Amino acid sequence: MPQQDYSAYTVTDHHTWSVLFSRQLEIIHKVAYPNFSPGLQLLDFRTDLIPDFNIVNQKLKTLTGWKIYEVPGLIENRLFFEKMLHREFGATTWIRTPEQLDYLEEPDMFHDVFGHIPLLTDPLICNFLHGLAEIAAKHKYAEAVVEMLARLYWYTIEFGLLLEDGRLKIYGAGILSSIGESNFCLSPKANRVPFDIEAILLKPVIKDKFQNSYFVLDSMNNLQGSLLMISEKINAFSYAS
């Protein structure tokens, strides 16, 4: 895999990161999963500078044993889970232009790095990701199984919500890194439903608009605790097919 060329970032790139970082943190600081902001601090993420993957990896190795690696963009689901089995998480290194601040068709490094990487400091998140990868490996990365696991990843790690002390909190990186989705998912217009593994396994992902359903966990401990049931449900679906 190619590595991040940190010296290639321009002043404009760092400024774009700064604008996105500052305005997004202002919006989500009260509604983000409680371990998100501490994750930013543990990794020394700065408003004014794009994170250096080498430095981030040194810190992640000490904290949870995970590492990030560069990907050119979206990668196939099988490779994604194969790498996560070894506690490796892919992230893009390119950043949007100033004209693209509010919307991108394909995730850039702000989504990948700001949205996802701080939560790789959280053992509950890390164990869940590794658990999904173990299920994929157990089924020898069968296409149907990988597709179901990708849906679980999408409706949790990308677009998951949490009920924390009676208040909705965001832990999905696709929401944490999006100004529009952050506002929408907590609004009266959003359809929020209880976390339901079987419903998620059968639900296709939505990539071109706001989610039509957000699955809400009643405890982050239940995310890791759901792995056994996820495995059982996938076994049942696989046997039935």
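Anything mentioned here points back to the structure above.
Treat the numbers as computed from the prediction; the structure is a model and nothing was measured. (Residues numbered from 1 in each chain as written. Predicted model: local features only at pLDDT ≥ 70, side-chain atom pairs only at ≥ 80, totals over all residues. Heavy atoms only, no water.)

Colleague: Give a description of the environment of Glu134 that names residues and reports values.
Modeller: By the element assignment, Glu134 lies in helix 6 (residues 123-138). Separated by 48 residues in the primary sequence, Glu134 and His86 place their C-alpha atoms 9.7 Å from one another. (Helix = DSSP H or I, 4+ residues; strand = E, 2+ residues; numbered from the N terminus.)

Colleague: Report on the environment of Ala133, specifying residues and quantitative values.
Modeller: Looking at the secondary structure, you find Ala133 in helix 6. In sequence terms Ala133 and Gly115 are 18 residues apart; their C-alpha atoms lie 20 Å from each other. The contact partners of Ala133, leaving out residues within four places of it in the chain, are Phe81, Met84 and Leu85. (Contact = heavy atoms within 4.5 Å.)

Colleague: Can you tell me about the environment of Gly73, naming the residues and giving the values?
Modeller: Looking at where Gly73 falls in the secondary structure, it is placed in the loop between strand 1 (67-70) and helix 4 (77-85). On the basis of relative accessible area, Gly73 is assigned to the buried category, the value being 10%. Note: C-alpha distance between Gly73 and Met109 (36 residues apart in sequence) is 9.3 Å. The contact partners of Gly73, leaving out residues within four places of it in the chain, are Thr92 and Glu106. (Buried < 20%, exposed > 50% of the residue type's maximum accessible area, 1.4 Å probe, protein only.)

Colleague: Describe unusual backbone geometry, and please don't skip the residues or the numbers.
Modeller: Residue Arg87 is not a glycine yet carries a positive backbone phi of 60°. Of note, Arg87 is situated in the loop between helix 4 and strand 2 (88-91). With a relative accessible area of 34%, Arg87 lands in the partly exposed category. Backbone geometry places Asp165, a non-glycine residue, at a positive phi of 55°. Look at Asp165 and you get exposed, because its relative accessible area is 74%.

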